[in-house]
Amino acid sequence: MAKNKSNQSWLHDHINDPYVKMAQREGYRARAAFKLKEIDERDALIKPGQVIVDLGAAPGSWSQYLRERLKLPGGALSGQIIALDLLPMEPIAGVSFIQGDFREEAVLARLEEVVGAAGGGRCIDLVLSDMAPNLSGVAVADAARMMHLIELAMEFSQKYLKPTGALLVKAFHGSGYSQTVEAFKRQFVTVAARKPKASRDKSAETFILGRGLRHP
Ligand SMILES: C[S@@+](CC[C@H](N)C(=O)[O-])C[C@H]1O[C@@H](n2cnc3c(N)ncnc32)[C@H](O)[C@@H]1O
């Protein structure tokens, strides 16, 4: 009964959500596109010519936004977008997609191969992670899973980002959040927290942005 009520309230919020309507109008697969757009507009993250990795990419609205932003005036793509998710994703022209679990070595190895083909070594300008584990409802366990995904994204970034590159990850305010920010500060020259308007007020989600590797 209680669950039913909360489902109904989610559905009500979703149907009346201006970002859901805007996403439908603009052809984005999810309202999440507007979170990245807002951060990009504030922080000038995305530019044509960049190599960008989109972790936790399905259903694909961030990749759609990236594809738009890497477009040259004639429409051609300048740069490279590599997307990865556990779930399948409808193709997006110009976006390379890997289906698999980012925590698995074999999947990481495939990603590293594609990155290698994109230029190898430190060729990535921007790593994005909108990954979130399926929530169990046990706060401590959920926070630990989230932190693990963030740590892996940080390790990957340390290895493959250009010295001036950036990492943007989704995090949840709560247990482990301040340790994550501290770890970002050890790895990046500048660190900022971002809560875009499109991120629902009720949600504990915050994005952490690190720019420039301290020890490339
Ligand atoms: C909030 S959704 C991402 C929405 C996406 N940014 C968009 O704009 O369409 C989070 C995604 O993270 C993915 N995910 C969670 N854990 C993952 C993992 N270990 N490896 C790969 N993807 C994962 C989920 O499958 C889910 O599709």
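Treat the numbers as computed from the prediction; the structure is a model and nothing was measured.

Parameters at a glance
Residues numbered from 1 in each chain as written. Predicted model: local features only at pLDDT ≥ 70, side-chain atom pairs only at ≥ 80, totals over all residues. Heavy atoms only, no water. Pairing = 2+ DSSP bridges. Helix = DSSP H or I, 4+ residues; strand = E, 2+ residues; numbered from the N terminus. Right-handed = clockwise from strand over helix to strand, strands pointing away. Near = heavy atom within 4 Å. Polar contact = N/O pair within 3.5 Å; in protein donor to acceptor, adjacent residues only side chain to side chain. Areas by Shrake-Rupley, 256 points an atom, 1.4 Å probe, with all protein chains shown as cover. Nonpolar A, V, L, I, M, F, W, Y, C, P; charged D, E, K, R; others polar. Salt bridge = Lys/Arg side-chain N within 4 Å of Asp/Glu carboxyl O. Buried < 20%, exposed > 50% of the residue type's maximum accessible area, 1.4 Å probe, protein only. Phe/Tyr/Trp six-rings, centres within 6.5 Å; stacked < 30°, edge-to-face > 60°.

A.B. asks: Can you lay out the pairing of strand E5 (residues 161-172) for me, pointing to particular residues and giving the numbers?
C.D. replies: With five bridges joining them, strand E4 (residues 124-129) and E5 adopt parallel strand pairing. Bridge assignment links Leu126 to a residue of E5, and that residue is Ala166. Traced from E4 through helix H6 (residues 139-160) to E5, the parallel crossover comes out right-handed. Judged from the seven bridges that link them, E5 and strand E7 (residues 205-213) form a sheet pairing that is antiparallel. The residue of E7 that forms the bridge with Lys170 is Phe207.

A.B. asks: If you had to explain the site of the ligand to someone new, which residues and values would you point to?
C.D. replies: The local shell around the ligand holds 21 residues, among which Gly60, Ser61, Asp85, Asp101 and Asp130 are the closest. Between the ligand and the protein, one listed contact pairs an oxygen atom with a backbone N or O atom of Ala57 at 3.4 Å. Between an oxygen atom of the ligand and a side-chain N or O atom of Ser61, the distance comes to 2.5 Å. For the ligand, the accessible surface in isolation is 600 Å², of which the surrounding protein chains cover 87%. By residue class, the composition of the shell around the ligand is twelve nonpolar, four polar and five charged.

A.B. asks: Help me get a handle on unusual backbone geometry, residues and values and all.
C.D. replies: The general pattern is negative phi for most residues beyond glycine and trans for most peptide bonds. Cis rather than trans, the peptide bond between Ala58 and Pro59 has omega equal to 5°. A positive phi angle, near 50°, is found at Ala44, a position not held by glycine. Looking at the element boundaries, Ala44 is found in the loop between helix H3 (33-43) and strand E1 (51-55).

A.B. asks: Help me get a handle on the pattern of salt bridges, residues and values and all.
C.D. replies: Going through the model one piece at a time under the given rule, you end up with 14 salt bridges. A salt bridge links Glu205 to Lys170; the shortest N-O distance between them is 3.5 Å. Taken together, the residues Glu205 in strand E7 and Lys170 in strand E5 connect sequence positions 35 residues apart. For the pair Glu205 and Lys170, a shared accessibility class is recorded, and that class is buried. For Glu182, the salt bridge is made with Lys185, and the minimal N-O distance between the two is 3.9 Å. Of this pair, Glu182 and Lys185 both sit in helix H7 (residues 177-187), three residues apart, which is roughly one turn of the helix. Owing to a relative accessible area of 40%, Lys185 belongs among the partly exposed residues under this scheme.

A.B. asks: A description of the packing of aromatic side chains should follow, citing residues and the corresponding values.
C.D. replies: For the structure shown, the criterion picks out six aromatic pairs. Note on Trp62 and Phe207: the rings are 5.9 Å apart at their centroids and 40° apart in plane angle, and the pair reads as tilted. One end of the pair, Trp62, is in helix H4 (residues 61-69); the other, Phe207, is in strand E7, with 145 residues separating them in the sequence. The exposure classification of Trp62 matches that of Phe207, with both residues buried. An aromatic cluster is built from Tyr19, Tyr28 and Phe34, whose rings are joined through pairwise contacts.

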